[in-house]
Amino acid sequence: MWDDAFPSFLIGLREGLEAGLIVSILVATLVRAEARSRLPQVWTGVLAAIAVAMSFGAVLTFTAASMPQTAQEAFGGTLSVIAVAFVTAMVFWMRRSARNLSSELKQKVTGALAMGSGMLVLTSFLAVGREGLETALFLWTTAQAAGESAGPLTGAAIGLVLAAGLCWGLYRRVLKINLTKFFTATGVVLIVIAAGVLGYGLRDLQEGGVLPGRTAYAVDLAGSIDAGSWYSTLVQGVFNLMPTMTWLQVVAYVGYLVVVMTLFVRGVRATAPKPKPKPEPAERPATEGPAGPRPRTGRRPAWVIPAAVVAVPAVIAGLAVALGRPKPAGDQTVAVSETDCGKGFTAPAPGRQTFRMHNTGRQASEVYLVDPSTNAVYGEIEGLAPGTTRDLVATVAGGTYAWRCVPASGRAVTSKPVTVRGGGAAKPVTPVSEQDLAGPLKAYKAYVGHGLDTLVGQTGTLRRDIEGGHLDKARTDWLTAHRTYASLGAAYGTFEDFDKKIDGRADGLPGGEHDKDFTGFLRLEYGLWHGQSAKELTGPARQLDTDAAGLRKAFPSQDFDPGDLPLRAHEILENTLQFELTGDTDEGSGTNLATADANLTGTRELLTVLEPLLTSRSPRLLPTVDADIDRVRKLLDAAHDGDHWTPVEKLPAAGRQRLDGATGQLLEDLAPVPDLLEIRKSA
């Protein structure tokens, strides 16, 4: 957690020390002016500044959480850039002002004493408030970059506590710190951290579609750096440098670092230390006597103003969060049935909306929020049972909307359309029909058919190797044939019962590897790499050849649901992560990574036939997935030399983590494919 906590620790320490020094100077000035009775006014201003800062952080957190994902990224990126600007200005301001801060504040306090309690509260509020707002903004952006809040909050808390201790020591004169050197050193570190925050913010703006170049990578070290190692985690957490960075990130990072650091260092060298002026006794305000102002009687209790300065920002923040959150669609229930769809539906306001859908009919129903002119889908509920209520969340922008209810039996019913006026952007999914998938399915079946022709030839060669006693050659030809089969996408029963015969595992069989029902590639693998003779392997080799030929003959007439095609890309790699990359299916050859590489080929082929449908619905998906596939392939390529593949269990721990992480990221980026290409009922 320390890697995520350090930037926040530093900002908490530095900003806390700045604010603490200001408070210390204010308190010391009042004490020397024998105006201790005015100290509650200072603490009231400080309390108000803290309340405003915390309220500001709450508004940022809860407002961003209610936005759509792309809007969150754009919002977070914008605030990251603003935070960098504030931190940069703060670093330069403190470098210039550290020496004269005390005298400037003393002058302001003296003036405030003469003008009344309100001005003293305002002076302390303004003096501390800026640091509080900067801290809240920078802490929020570092928490966004870390993806969690525990580390940044812990780091900031430790920094603030340490700063309070240092300020107390300075005030009591038990500590001596060269503040100029302190703020110079921490300024250098903060500039480096701010450069990383700037790069992270620009990446968010690219992810949110505000800036171009999302897939234009200048650095891609995902294949050679272990993202989970301690050093990688430290660099990412502290400096926001990622293994994969776009050109915009790299140029902005280097440009900011060079320009700002150069100006900062030059400013430090150019500022010569000045002799400290002799302390002069503070003048006592003319309006007060030695004992300070006379106590006022018959007025409000002392706790009223402090309570108000805390409550007012909290109430304003609560209102901002409440108004900024998406409003449910009028809190009304939208009724659906097999005869009446969308009863009670009225035009909602633009933004992210939650609709409560209640099935008043007697049949389960699919429910879609659609654009009636294009049938594009904004949101859906599958299988809404009779008498049940479920929430449907969708982003609404200017346009026309209607509900479409498709009961389990019967015709689809579409509600009366409503028009939403306003701006914003909503991204509906263009529905896919069986006809849309007919072309990709035909192309994929042709690919599989050609692969099965190749497979039958290779299993025949393997059979002849074993019948002739050429077991060394059989091991090579076994891997060739097995990779061909793996590249055909045999996931979740694609080839019906033939898959179990051709590539079934021994798990669950009473006799394990020696069970009579253990057949296919893995049975031959076990025998070839466990010293079984050609005589013992001839029967399994002939059976494999027969089953491969049977699959080739049966495949053209096998039932293949077009709706299953978009599932295959994700399912093939799910199998890969579960079986191949764990070594679970290794029967002695140590070639699980070769099988994983073949599975990657099958995934790539599926995406190729689905490319026209995916590109029109999500233009950014395939470039991202292509980059993921390249990363996984580079990692697999590094694990073999010629025909020799490194067994999974012999991979270095870091290399195995990188491969698992890259495959997991690929699976995550492939996850939207089934939803984008789902065949939705329309009648």
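Residues numbered from 1 in each chain as written. Predicted model: local features only at pLDDT ≥ 70, side-chain atom pairs only at ≥ 80, totals over all residues. Heavy atoms only, no water.

A. Structural detail: the packing of aromatic side chains. Scanning the entire structure with this criterion turns up 11 aromatic pairs. Consider the rings of F495 and F555, whose centres lie 5.9 Å apart with planes at 80°: the pair is edge-to-face. Of the two residues, F495 sits in the loop between α12 (471-486) and α13 (497-503) while F555 sits in the loop between α15 (534-554) and α16 (565-580), which places them 60 residues apart along the sequence. Chaining the aromatic ring pairs together yields one cluster made of W478, Y485, F495, F521, W529 and F555. (Phe/Tyr/Trp six-rings, centres within 6.5 Å; stacked < 30°, edge-to-face > 60°. Helix = DSSP H or I, 4+ residues; strand = E, 2+ residues; numbered from the N terminus.)

B. Quick peek at helix α19 (residues 653-670). Taking 1.5 Å of rise per residue, the 18 residues of α19 would be expected to cover 26 Å, and the 26 Å separating its terminal C-alpha atoms lies within 8% of that figure. Regarding α19, the residues found buried are G655, R658, L659, A662, T663, L666, L667, D669 and L670. Against the buried residues of α19 lie α16, α17 (592-617), α18 (621-637) and α20 (672-676). (Expected span 1.5 Å × (residues − 1). Buried < 20%, exposed > 50% of the residue type's maximum accessible area, 1.4 Å probe, protein only. Contact = heavy atoms within 4.5 Å.)

C. Geometry of the pattern of salt bridges. Under the counting rule described, the total for this entry stands at 16 salt bridges. In this structure, the salt-bridge partner of R463 is D545, at a minimum N-O distance of 2.8 Å. Highlighted residues: R463 in helix α11 (residues 434-467) and D545 in helix α15, separated in sequence by 82 residues. Note that R505 is salt-bridged to D507, the shortest N-O span being 2.9 Å. Shared partners join several salt bridges into a network, and the residues in it are R463, E467, R542 and D545. (Salt bridge = Lys/Arg side-chain N within 4 Å of Asp/Glu carboxyl O.)

D. A look at the sheet that holds strand β4 (residues 341-343). Strand order in the open sheet formed by 4 strands is β4-β3-β5-β8, and the pairing between neighbours is mixed. Among the strands making up the open sheet, the edge pair consists of β4 and β8 (389-396). Going from strand to strand, the sheet's axes swing by 35° on average, the running direction of each strand aside. As defined by bridge partners, strand β3 (residues 333-336) adjoins β4 across 2 bridges and the pair is classed as antiparallel. In the strand pairing of β4, A335 is matched with K343. (Pairing = 2+ DSSP bridges. Axes fitted to C-alpha atoms, helices over the stretch in contact; angles between N-to-C directions.)

E. Region of interest: a negative patch on the surface. On the surface, E434, E496, D497, D559 and D561 cluster together into a patch of negative charge. Take D561: it is sitting in the loop between α15 and α16. On the basis of relative accessible area, D561 is assigned to the partly exposed category, the value being 39%. (Patch = residues over 30% accessible without salt bridge, like charges linked within 9 Å, V, L, I, M, F, W, Y side chains within 5 Å. Areas by Shrake-Rupley, 256 points an atom, 1.4 Å probe, with all protein chains shown as cover. Lys, Arg positive; Asp, Glu negative; His and termini not counted. Charge placed at Lys NZ, Arg CZ, Asp CG, Glu CD.)

F. Up close: the environment of Y485. Position of Y485 relative to the elements: it lies in helix α12. Sequence separation between Y485 and I502 is 17 residues; the distance between their C-alpha atoms is 8.9 Å. For Y485, the side chain forms a polar contact with the side chain of D499, separated by 2.5 Å. (Polar contact = N/O pair within 3.5 Å; in protein donor to acceptor, adjacent residues only side chain to side chain.)

G. The confidence of the model for the protein, seen in detail. With 76% of its residues at a pLDDT of 70 or more, the protein shows a mean pLDDT of 79. Of all helices and strands in the protein, the one with the weakest mean pLDDT is helix α10 (residues 304-324) (57), whereas α12 scores best (96). Scored below 50 in pLDDT, residues 276-298 makes 21 contacts in the model with residues more than four places away or belonging to other chains. A low-confidence stretch, residues 325-330 (pLDDT under 50), is modelled with 12 contacts involving residues beyond four sequence positions or located in other chains. (pLDDT = per-residue confidence, 0-100.)

H. How the structure looks around empty space enclosed by the protein. According to the stated counting rule, one finds 2 cavities of 30 Å³ or more in the structure shown. Considering only enclosed or pocket space, the largest cavity measures out at about 40 Å³ in volume. Lining the largest cavity we find L573, T576, L581, A596, L600, V632, L636, L659 and T663. Residue composition of the lining of the largest cavity, by class: 7 nonpolar, 2 polar and no charged. (1 Å grid on protein atoms, 1.4 Å probe; cavity = no way out; pocket = protein on both sides within 12 Å on 5 of 7 lines; lining within 4 Å. Points joined across faces, edges and corners; volume = space filled by probe spheres on them. Nonpolar A, V, L, I, M, F, W, Y, C, P; charged D, E, K, R; others polar.)

I. Focus on α11. An ideal rise of 1.5 Å per residue puts 50 Å on 34 residues; α11 measures up with 47 Å between its terminal C-alpha atoms. Its axis deflected by about 25° at P440, α11 carries its strongest bend there. Two residues or fewer past α11, G469 is found with a positive phi of approximately 80°. (Bend = angle between axes of the 7 residues up to and from the residue.)

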